[in-house]
Amino acid sequence: MVNLEGKGGMKREGQRSLLEKAIEIILFVGALSSIIIVFLIIAYMSLEAYPALNLDFLLGWFWDPKKEMFGIFQIIVSTLYVGVGAILITTAIGVPTAIFLAEFCPRNVRNVIKPSIELLVGIPTIVLGFFGLMVVIPFIRDNFGGWGTSVLAGWMILAIMSLPHVISISEDALRAVPNSYKEAALALGATRWQTVKKVLLPYAKTGILASVLLALGRVMGETMAVTMVIGNPRVAWIPTSILDRAKVLTSTILLDWSYVEIPSMHYHSLFGIGLVLFFIVALIDVTATYMVKRGVIK
Amino acid sequence: MSWSSLQKTFFALILLAILVLGVHNTWTMSNLTSTVYTMQSTIDNLNSMLGNYTQRLEGYLTIAGSTTVLPIIQTCANLFMQENPGVVISVSGGGSGHGISAVSAGYINIGMSSKNLTTEQITDPDPDLQPVAIALDSVAIIVHPTNGFVDDLTLEEVEMIFNGTITDWSHFGGSGEIHVYTREAGSGTLECFEKFFMKHSDITGAASEKTSNGEMKATIASDPAGIGFLSVGYIDETVNPLKIDGVEPTVANIKTGAYKIKRWLFLITKGPPTKIEQAFIDFVLSSQGQEIVEQQGYLPLEWFQ
């Protein structure tokens with residue numbers, strides 16, 4: 001074929017490879033720019049946070065800018081408490097929903113449930129915050145007592161926010177189980193629930209865990225809705241009950257940013273909080289990605 | 001890259017639409033502009049004929065800071081823009097601390113503050129900042145309207161509630177935990193509250209932080225066990241302002257000095273104000289501007305001169 005086309009064919013080939021090259025370069029520049037942006041942000045944050053980064057900052061007990069005390073240990077613990085609690089609720093509701101959608105749900109029911117869940121993703125966080133402020137907080141205050149603004153309110157709002165992600169990714173993981181495995185289990189006389197328990201869940205385990213971890217990273221970085229419902233005591237503490245109020249890393253930055261003096265230790269400490277939050281979320285995301293990869297190889 | 005004829009037609013239609021709309025717009029715009037110019041020159045002629053030629057003000061002003069000063073300046077800005085169609089003013093909150101630091105950094109033209117620059121806790125205030133007092137304000141202690149068991153507090157009782165010594169409404173014949181709300185550390189309202197009430201101690205660390213007068217009012221209006229403090233300009237029927245040592249925080253009582261808590265409100269520029277900044281500040285200080293101050297529930301300057 002190539003011989004028959006002769007020189008003309010070669011020329012066309014050359015032009016085409018030139019175009020290929022050009023497109024390749026354009027795509028590469030796109031990819032490079034996103035890497036550069038990430039790198040710039042990390043570098044800028046580290047530079048601004050540097051003067052504040054020491055053990056007194058990470059392990060210090062009190063955050064009280066008025067007294068020049070910038071310890072974030074209690075805030076970190078509060079953040080983990082709020083984030084992990086919310087994710088436990090999400091997992092308790094989300095994973096059974098995913099199993100139901102993937103295995104037990106009739107098609108026409110699924111056509112109603114699935115879009116409603118995906119609609120949840122589109123709710124802006126500030127709207128969820130308003131919902132929390134006007135509905136969840138009075139509900140908690142009237143039925144459980146306390147201030148209303150509480151860790152529990154934060155859990156509920158964050159659970160609503162992260163549910164659709166956990167459900168979609170977990171369902172995908174369950175659907176990725178090869179049909180032959182399922183058929184083999186059923187052929188051996190296993191019931192549908194036994195198949196789910198012994199075959200589907202063990203196979204999709206890593207995918208489900210990854211979805212939970214990704215959601216955890218997301219809720220830890222969430223700011224607006226959490227700040228509106230979590231109560232924010234003036235000096236952060238470790239909440240002792242789920243009706244206690246708390247102050248998390250993101251809400252501290254949001255509340256303090258409006259009046260911080262630039263530059264000051266307070267200012268550098270706020271960047272320090274940002275950096276700590278970034279590393280926590282990055283660590284969670286990397287773990288999740290690693291687990292997905294290992295799951296695929298296995 | 002093979003386009004179906006449908007896509008081609010669609011694309012062509014869009015191009016056509018852009019072209020037509022574009023031409024149409026330019027035409028209307030140029031028409032409009034010339035009309036405005038004609039009107040402007042007529043007005044200018046009239047003005048010069050009357051021997052009262054004023055130069056037309058044009059430009060942008062950004063104002064931010066204290067949410068206490070915000071309602072006054074928002075209303076003044078709207079009127080000022082009506083009177084000077086060439087001027088666009090954007091007003092936003094953020095708190096006194098934000099107003100001072102943003103004007104100092106040059107992000108905004110005018111900062112609003114309910115803090116006095118000289119008494120302010122900022123370690124080295126920018127020497128270029130020029131504050132102008134525009135009104136006075138006071139701070140009231142507020143509770144939920146259904147809170148029936150407390151109506152009058154002494155200065156000491158307020159301090160004991162806010163520093164966490166008294167934590168239960170049973171102390172006043174009610175029941176339940178007291179929910180103490182405070183403002184973010186940059187707030188001018190907080191500074192004024194601390195100056196008059198928290199003479200010997202700090203606000204308890206357990207108090208919940210709110211970031212504006214509006215948020216404070218909404219919170220107290222919805223929490224039956226709450227107590228907080230608010231600029232008197234924000235008080236309405238959704239919250240119940242308490243008497244302090246038997247004196248109600250009304251404008252009349254503040255004017256006579258019976259209610260002792262009062263503070264100045266400022267507009268701050270960096271360096272001497274520009275022509276347009278000066279024009280706006282003059283407007284706020286004019287009788288028209290001071291009338292707005294009174295309408296909004298604050299105290300005009302002339303009452304204290």
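Since we're looking at a predicted model, the values are computed, not measured.

### Examining the overall build of chain B
Thinking step 1. Counting its secondary structure elements, chain B contains 9 helices and 12 strands.
Thinking step 2. Across the 305 residues in chain B, those meeting the buried criterion constitute 44%.

### Some points on the side chain of lysine 210 of chain B
Residues and elements named next belong to chain B.
Thinking step 1. Among the secondary structure elements, lysine 210 is positioned in strand 8 (residues 208–210).
Thinking step 2. Exposure remark for lysine 210: the relative accessible area of 7% places this residue in the buried category.
Thinking step 3. In contact with lysine 210, other than residues within four places in its own chain, are Tyr181, Thr182, Arg183, Glu184, Glu215, Met216 and Thr219.

### A short note on the sheet that holds strand 9 (residues 226–231) of chain B
Residue and element names in this part refer to chain B.
Thinking step 1. Pairing in this open sheet of 5 strands is mixed, and the strands run 8-7-9-5-10 from one edge to the other. In the strand order of this sheet, the two ends are held by strand 8 and strand 10 (240–241), each with one partner.
Thinking step 2. As judged from the 5 bridges shared by strand 5 (residues 139–143) and strand 9, these two strands associate in the antiparallel manner. Considered in strand 9, the bridge of valine 143 is made with isoleucine 227.

### Points about the confidence of the model for chain B
The predicted coordinates of low-pLDDT regions are not to be read in fine detail.
Residue and element names in this part refer to chain B.
Thinking step 1. Counting all residues, the mean pLDDT for chain B is 83, and 79% of those residues have values of 70 or more.
Thinking step 2. No element of chain B has a lower mean pLDDT than helix 1 (residues 5–49), which averages 57, and none a higher one than strand 5, which averages 95.
Thinking step 3. Here the complex is predicted with pTM 0.76, and the ipTM for its interfaces comes to 0.75.

### Let's talk about the pattern of salt bridges
Thinking step 1. The tally for this structure, following the rule as stated, stands at 15 salt bridges over all chains.
Thinking step 2. As a salt-bridge pair, lysine 66 of chain A and glutamate 194 of chain B come within 2.8 Å of each other at their nearest N and O atoms. Here lysine 66 of chain A is found in the loop between strand 1 (63–64) and strand 2 (69–70), whereas its partner glutamate 194 of chain B is found in helix 5 (residues 188–197) on a different chain.
Thinking step 3. A relative accessible area of 15% places glutamate 194 of chain B in the buried class.
Thinking step 4. Salt bridges sharing partners connect three or more residues here, namely Lys66 and Lys67 of chain A together with Glu194 and Asp202 of chain B.

### Thoughts on the sheet that holds strand 1 (residues 59–65) of chain B
Residues and elements named next belong to chain B.
Thinking step 1. Taking strand neighbours across the sheet as the criterion, the 5 strands line up as 2-1-3-12-4 in an open arrangement whose pairing is mixed. Edge positions in the sheet fall to strand 2 (87–94) and strand 4 (129–137), since each of these pairs with one other strand and no more. The mean inter-strand angle of the sheet, taken between neighbouring strand axes irrespective of direction, is 20°.
Thinking step 2. Where strand 1 lies against strand 3 (residues 110–113), 3 bridges are found, and the strand directions are parallel. Its bridge partner lying in strand 3, glycine 65 is registered against methionine 112.

### A short note on the interface of chain A and chain B
Thinking step 1. Contacts between chain A and chain B engage 18 residues on the former and 29 residues on the latter.
Thinking step 2. Buried area between chain A and chain B, both sides added, is near 1,900 Å², and the carbon and sulfur share of it is 48%.
Thinking step 3. Across the contact surface, chain A and chain B share 5 salt bridges.
Thinking step 4. Note that lysine 247 of chain A and glutamate 209 of chain B form a salt bridge whose closest N and O atoms lie 3.5 Å from each other.
Thinking step 5. On inspection of chain A and its partner chain B, the count reaches 13 residue pairs in polar contact (both at pLDDT 80 or more).

### Points about the pairing of strand 3 of chain B
Residue and element names in this part refer to chain B.
Thinking step 1. A two-sided burial pattern is seen for strand 3, the buried positions comprising Ile110 and Met112 on one face and Gly111 and Ser113 on the other.
Thinking step 2. Here strand 3 pairs with strand 12 (residues 263–270) via 4 bridges, running antiparallel. Following the sheet pairing, glycine 111 is matched in strand 12 by isoleucine 268.

### Considerations on the domain arrangement of chain A
All names here are of chain A.
Thinking step 1. Split into domains, chain A comes out as domain 1 (2–52) and domain 2 (55–294).
Thinking step 2. On a C-alpha basis, the centres of domain 1 and domain 2 stand 36 Å from each other.
Thinking step 3. Contacts between the two partners involve 8 residues from domain 1, matched on the other side by 10 residues from domain 2.
Thinking step 4. Together, the buried faces of domain 1 and domain 2 total about 860 Å²; carbon and sulfur atoms form 77% of this surface.
Thinking step 5. The largest contributions to the domain 1 side of the interface with domain 2 come from Met45, Glu48 and Ala52, which together make up 58% of the buried area.
Thinking step 6. For the pair domain 1 and domain 2, the number of links is 0 salt bridges.

### Notes on the packing of helix 2 (residues 70–83) of chain B against helix 9 (residues 287–295) of chain B
When two helices pack together, their arrangement is given by the angle between the helix axes and the distance between those axes.
All names here are of chain B.
Thinking step 1. Their axes nearest at 9 Å, the elements helix 2 and helix 9 cross at an angle of 145°. Regarding helix 2 and helix 9, the two cross each other, and that crossing is right-handed. Contacts between helix 2 and helix 9 pair Ile72, Thr75, Cys76, Leu79 and Glu83 from the former with Gln288, Gly289, Ile292 and Val293 from the latter.
Thinking step 2. Grouping the constituent residues of the contact of helix 2 with helix 9 by class yields 5 nonpolar, 3 polar and 1 charged.

### Comments concerning the packing of helix 7 (residues 179–187) of chain A against helix 8 (residues 192–221) of chain A
Residues and elements named next belong to chain A.
Thinking step 1. Closest axis-to-axis distance for the helix 7/helix 8 pair is 10 Å, and the angle between their directions is 160°. As far as their axial angle goes, helix 8 and helix 7 are roughly antiparallel. Judged by the twist between their axes, the crossing of helix 7 over helix 8 is right-handed. Residues Tyr181, Lys182, Ala185 and Leu186 of helix 7 pack against Thr195, Val199, Leu200 and Tyr203 of helix 8.
Thinking step 2. Counted by class, the contact of helix 7 with helix 8 contains 6 nonpolar, 1 polar and 1 charged residues.

### Details of the packing of aromatic side chains
Thinking step 1. Under the criterion given, the structure shown has 19 aromatic pairs over all chains.
Thinking step 2. Taken together, Tyr44, Trp257, Tyr267 and Phe271 of chain A form an aromatic cluster joined through their ring pairs.
Thinking step 3. Just above the ring of tryptophan 147 of chain A sits the side chain of arginine 245 of chain A; from NZ or CZ to the centre is 3.5 Å.
Thinking step 4. Here lysine 255 of chain B stacks its cationic end above the ring of tryptophan 303 of chain B, 4.3 Å away from the centre of that ring.

### Some details on the nonpolar core
Residue and element names in this part refer to chain A.
Thinking step 1. Ranked by size, the top nonpolar core spans 52 residues in total, and within it Trp63, Ile72 and Leu249 carry the most contacts.
Thinking step 2. Elements represented by at least two residues in this core include exactly helix 1 (2–49), helix 3 (73–104), helix 5 (125–144), helix 6 (151–175), helix 8, helix 9 (224–229) and helix 11 (265–297).
Thinking step 3. Considering every element that reaches this core, the biggest residue donor is helix 11, with 12 residues.
Thinking step 4. With residues near it in sequence (within four places) discarded, leucine 249 still touches Ile72, Ile75, Ile76, Thr79, Ile273, Leu277 and Ile280.

### Some words on the environment of aspartate 128 of chain B
Residues and elements named next belong to chain B.
Thinking step 1. Along the chain, the position of aspartate 128 falls in the loop between strand 3 and strand 4.
Thinking step 2. Taking the C-alpha atoms as reference points, aspartate 128 and alanine 105, separated by 23 residues in sequence, lie 11 Å from one another.
Thinking step 3. In this view, aspartate 128 contacts Thr269, Lys270 and Gly271; residues no more than four positions away in its chain are not counted.

### A word on the environment of tryptophan 169 of chain B
All names here are of chain B.
Thinking step 1. Residue placement: tryptophan 169 occurs in the loop between helix 4 (155–162) and strand 7 (179–183).
Thinking step 2. Between the C-alpha atoms of tryptophan 169 and alanine 225, which are 56 residues apart in sequence, the distance is 8.1 Å.
Thinking step 3. Beyond its immediate sequence surroundings of up to four residues, tryptophan 169 is in contact with Val143, Asn147, Phe149, Val150, Gly174, Ser175, Gly176, Glu177, Ile178, Ala225, Gly226 and Ile227.
Thinking step 4. A polar atom in the side chain of tryptophan 169 sits 3.1 Å from the backbone oxygen of alanine 225.

About the cut-offs
Residues numbered from 1 in each chain as written. Chains lettered and ligands numbered in written order. Predicted model: local features only at pLDDT ≥ 70, side-chain atom pairs only at ≥ 80, totals over all residues. Heavy atoms only, no water. Helix = DSSP H or I, 4+ residues; strand = E, 2+ residues; numbered from the N terminus. Buried < 20%, exposed > 50% of the residue type's maximum accessible area, 1.4 Å probe, protein only. Contact = heavy atoms within 4.5 Å. Pairing = 2+ DSSP bridges. pLDDT = per-residue confidence, 0-100. Salt bridge = Lys/Arg side-chain N within 4 Å of Asp/Glu carboxyl O. Axes fitted to C-alpha atoms, helices over the stretch in contact; angles between N-to-C directions. Buried area = accessible area lost by both parts, 1.4 Å probe. Polar contact = N/O pair within 3.5 Å; in protein donor to acceptor, adjacent residues only side chain to side chain. Domains from an automatic or database assignment. Left-handed = near helix turned anticlockwise from the far one by under 90°. Nonpolar A, V, L, I, M, F, W, Y, C, P; charged D, E, K, R; others polar. Parallel < 35°, antiparallel > 145°, perpendicular 65-115°, else oblique. Phe/Tyr/Trp six-rings, centres within 6.5 Å; stacked < 30°, edge-to-face > 60°. Lys NZ or Arg CZ within 6 Å of the ring centre and 35° of its normal. Core = buried A, V, L, I, M, F, W, Y, C linked by side-chain atoms within 4.5 Å.

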